[in-house]
Amino acid sequence: MQISMNVSSIPASKTLEVNALAQELKKKGVDVVNLTAGEPDFPTPSPIVDAAIEALKMGFTKYTDSSGIPELREMIAKHVSKKFKVPCTANQVVVSNGGKQAIFNALASVISQNDEVIIIDPCWVSYEPMVLLLGAKAVHVKTQFEKEFIPNPEEIEKSISPATKVIIVNSPNNPTGTVYDEKTLYEIYEIAKKYDLLIISDEVYEPLVYDTDHISLFSISKGDRTVLVNAFSKSHSMTGWRIGYLVAPIEIARAAAKIQGHLTSNINSITQYAALKAFEVDTTYMKDRFRKRRDLVCSMLSELKLNYLRPKGAFYVLIDVREFEQDDVQFCMKLLNDQHVALVPGSAFNAQGFVRLSFATSEDLLKKGIDRIGKFIRR
Ligand code: PLP
């Protein structure tokens, strides 16, 4: 049977080779320091876990409204209205299986075959495959290390064609840790207005901003032509629970609800009930810990005289390895073979010549891993 053209057009993952070697080494009993984690290493806060247990005991185990239980959608609308000072209502909210499904729902709501979606590089790994699955085209806008990977709005404007429908914006950014400034966000919104485009603002790392305040594109645009995507995954260490949401103009929220209703129905009922509790849990301690680790990692990388971007948000550092090896996959393979440290090759994110180090792991492992990186580059 022929595999669908849309599916076949998705390129193979750039991390396969490195992951396979890391697993092989681990199987052999090698002490691999894995600095690739895409999730917080904290347990989910216990009040959230207790709420899930309570939901199970109460028999809260049946289908729910496919867009999410009304109490949760109301809570999200209230939270977003208050935090971003943009009035919104529960019928603009669709609760999904993670931020990932929320992004796909938003794209699928507005994209038709052969439309174009603007993606700012370096970018999270799943944007382009989602666009390709919809039979559309991803148009990449480059950014520069020297400019902290902040996009130049003129470059965005130049990449617009009559087929362009959407710009995806991700701040705080995975993999760069960049946090966009107000002026850049405002200019992106102005471009979207000028060309009648939708913005999908992926803000799943929103609570993890270390030096400045997070500025949401949703508040810049007052919710106009903007789909806000957020999740409990990174903010409340709930990656496995699979819960995220979008807040969108009403007609897009309706379309997203229709798509989700036919694909997955509601997300797990227990997770939804537990997420209600998440609004009462203060997770500042996670952010404080991540900030400490960010500082530790940056001072160690500086001592090694490595070229890297000091992240202002999220929990990743992008390191420039071009002076050692042009091919970042080869750099990661050699580092893993030689010193048993796993990093993610930048080409997975369209950041050729860079590697991504995650500090979502203990200080001890970070120290051990970076010491080994030091040995590797001094060879
Ligand atoms: N957006 C970005 C930038 C991410 O890094 C991730 C996960 O790593 C997601 C979205 C998806 O998050 P979730 O696990 O909530 O689906």
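Note that the coordinates shown come from a computational prediction; the quantities given were computed from them, not determined experimentally.

K.L.:
Where do I start with the overall build of the protein in this structure?
P.N.:
Check the secondary structure of the protein and you find 14 helices and 13 strands. For the protein, whose C-alpha radius of gyration is 21 Å, the value lies close to the compact-globule estimate of 21 Å for 379 residues. Over its C-alpha atoms, taken along the principal directions, the protein stretches across nearly 60 × 55 × 50 Å. In the protein, buried positions account for 58% of the 379 residues. Taking the intrachain contacts of the protein between residues at least 6 apart in sequence as the baseline, contacts between residues at least 24 apart amount to 76%. Within the structure as shown, the protein displays about 16,700 Å² of accessible surface, and the carbon and sulfur contribution to it stands at 52%. Charge centroids of the protein, computed over 45 positive and 45 negative side chains, lie 3 Å from each other.

K.L.:
For this particular structure, what's the right way to read the pairing of strand β13 (residues 354-358)?
P.N.:
Burial of β13 is extensive: five of the five residues sit out of reach of the surface. The alternating pattern of β13 places Phe354, Arg356 and Ser358 on one face and Val355 and Leu357 on the opposite face, and all of these are buried. Of the pairings in the sheet, the one linking strand β10 (residues 316-320) to β13 comprises five bridges and is antiparallel in character. Residue pairing across strands places Val317 opposite Leu357, the latter belonging to β13. Where strand β12 (residues 344-345) and β13 come together, two bridges link them in antiparallel fashion. Looking at β13, one finds that Val344 is bridged to Arg356.

K.L.:
What is the right way to read the packing of helix α4 (residues 70-84) against helix α11 (residues 269-278) from this model?
P.N.:
The description of two packed helices rests on the angle between their axes and on the distance between the axes. Where α4 meets α11, the closest approach of the two axes is 9 Å, and the angle between their N-to-C directions is 35°. The interaxial crossing formed by α4 with α11 has left-handed handedness. Together, Glu71, Leu72 and Met75 of α4 and Gln272, Ala275 and Leu276 of α11 make up the contact between the two elements. Broken down by class, the residue content of the contact of α4 with α11 amounts to four nonpolar, one polar and one charged.

K.L.:
Sorry, what's going on with the sheet that holds strand β7 (residues 226-231) here?
P.N.:
Within a sheet, neighbouring strands are paired by backbone hydrogen bonds and run either parallel or antiparallel to one another. Taken in spatial order, the seven strands line up as β2-β8-β7-β6-β5-β3-β4 in an open sheet, and their pairing is mixed. The open sheet has two free edges, formed respectively by β2 (93-96) and β4 (137-141), since each of these has just one partner strand. In this sheet, neighbouring strand axes are inclined to one another by 20° on average, regardless of whether the strands run parallel or antiparallel. With four bridges joining them, β2 and strand β8 (residues 244-247) adopt antiparallel strand pairing. Residue pairing for β8: Ser96 is matched across the bridge by Gly244. Against the sheet, helix α10 (residues 250-263) contacts β2, β6 (198-202), β7 and β8, and its axis sits at roughly 30° relative to β2.

K.L.:
Is there a simple way to explain the packing of aromatic side chains in this structure?
P.N.:
The geometry of an aromatic ring pair is captured by two quantities: the separation of the ring centres and the angle between the planes. This model, assessed by the stated rule, comprises 16 aromatic pairs. Here the aromatic rings of Phe145 and Phe354 are separated by 5.4 Å at their centres, their planes lie at 55°, and the arrangement is tilted. Within this pair, whereas Phe145 is found in the loop between β4 and α7 (153-158), its partner Phe354 is found in strand β13, the two being separated by 209 residues in sequence. Residues Phe145 and Phe354 agree in their burial class; the two are buried. One aromatic cluster in this structure is built from Phe42, Tyr205, Tyr285, Phe290, Phe315, Tyr316 and Phe359. In this structure, Arg379 packs its charged tip against the face of Phe376, placed 4.0 Å from the ring centre.

K.L.:
What is the right way to read the environment of Ile215 from this model?
P.N.:
Within the secondary structure, Ile215 is located in the loop between β6 and α9 (217-220). Separated by 30 residues in the primary sequence, Ile215 and Leu185 place their C-alpha atoms 8.4 Å from one another. Apart from the residues lying within four places of it in its own chain, the contact partners of Ile215 are Glu182, Leu185 and Ile220.

K.L.:
What should I look at first to understand the nonpolar core in this one?
P.N.:
A general trend in soluble globular proteins is that nonpolar side chains are found buried together. In this structure, Leu107, Ile200, Val227, Leu246, Ile319, Leu343 and Leu357 are the most contacted members of the largest nonpolar core, which totals 76 residues. No fewer than three residues from each of domain 1 (5-43 + 283-378) and domain 2 (46-278) sit in this core. In contact with Ile319, other than residues within four places in its own chain, are Leu301, Leu306, Asn307, Tyr308, Gly353, Phe354, Val355 and Leu357.

K.L.:
I would appreciate a short explanation of the domain arrangement of the protein in the present structure.
P.N.:
Often, the extent of an interface is quoted as the loss of accessible area on bringing the components together. By domain assignment, the protein separates into domain 1 (5-43 + 283-378) and domain 2 (46-278). The partner domain 2 presents 34 residues to the 35 residues of domain 1 that form the contact. Between domain 1 and domain 2 the total buried area reaches about 3,000 Å² when both faces are included, carbon and sulfur atoms providing 60% of it. Sorting the residues of domain 1 by area buried against domain 2 places Leu309, Lys312 and Phe349 first, and these three jointly supply 23% of that buried surface. Note that Glu148 is salt-bridged to Lys312, the shortest N-O span being 3.1 Å. Linking domain 1 with domain 2 are 19 residue pairs in polar contact (both at pLDDT 80 or more). Looking at the side of domain 1 that touches domain 2, the elements with two or more residues in it are α1 (5-8), α12 (284-303), β9 (307-308), β10 and β13. At five residues, the largest contribution of residues to the side of domain 1 that touches domain 2 is made by α12. Classifying every residue of the side of domain 1 that touches domain 2 gives 20 nonpolar, seven polar and eight charged.

Reading guide: rules and limits
- Residues numbered from 1 in each chain as written.
- Predicted model: local features only at pLDDT ≥ 70, side-chain atom pairs only at ≥ 80, totals over all residues.
- Heavy atoms only, no water.
- Helix = DSSP H or I, 4+ residues; strand = E, 2+ residues; numbered from the N terminus.
- Rg over C-alpha atoms; globule rule 2.2 N^0.38 Å.
- Buried < 20%, exposed > 50% of the residue type's maximum accessible area, 1.4 Å probe, protein only.
- Contact = heavy atoms within 4.5 Å.
- Areas by Shrake-Rupley, 256 points an atom, 1.4 Å probe, with all protein chains shown as cover.
- Lys, Arg positive; Asp, Glu negative; His and termini not counted.
- Charge placed at Lys NZ, Arg CZ, Asp CG, Glu CD.
- Pairing = 2+ DSSP bridges.
- Axes fitted to C-alpha atoms, helices over the stretch in contact; angles between N-to-C directions.
- Left-handed = near helix turned anticlockwise from the far one by under 90°.
- Nonpolar A, V, L, I, M, F, W, Y, C, P; charged D, E, K, R; others polar.
- Phe/Tyr/Trp six-rings, centres within 6.5 Å; stacked < 30°, edge-to-face > 60°.
- Lys NZ or Arg CZ within 6 Å of the ring centre and 35° of its normal.
- Core = buried A, V, L, I, M, F, W, Y, C linked by side-chain atoms within 4.5 Å.
- Domains from an automatic or database assignment.
- Buried area = accessible area lost by both parts, 1.4 Å probe.
- Salt bridge = Lys/Arg side-chain N within 4 Å of Asp/Glu carboxyl O.
- Polar contact = N/O pair within 3.5 Å; in protein donor to acceptor, adjacent residues only side chain to side chain.

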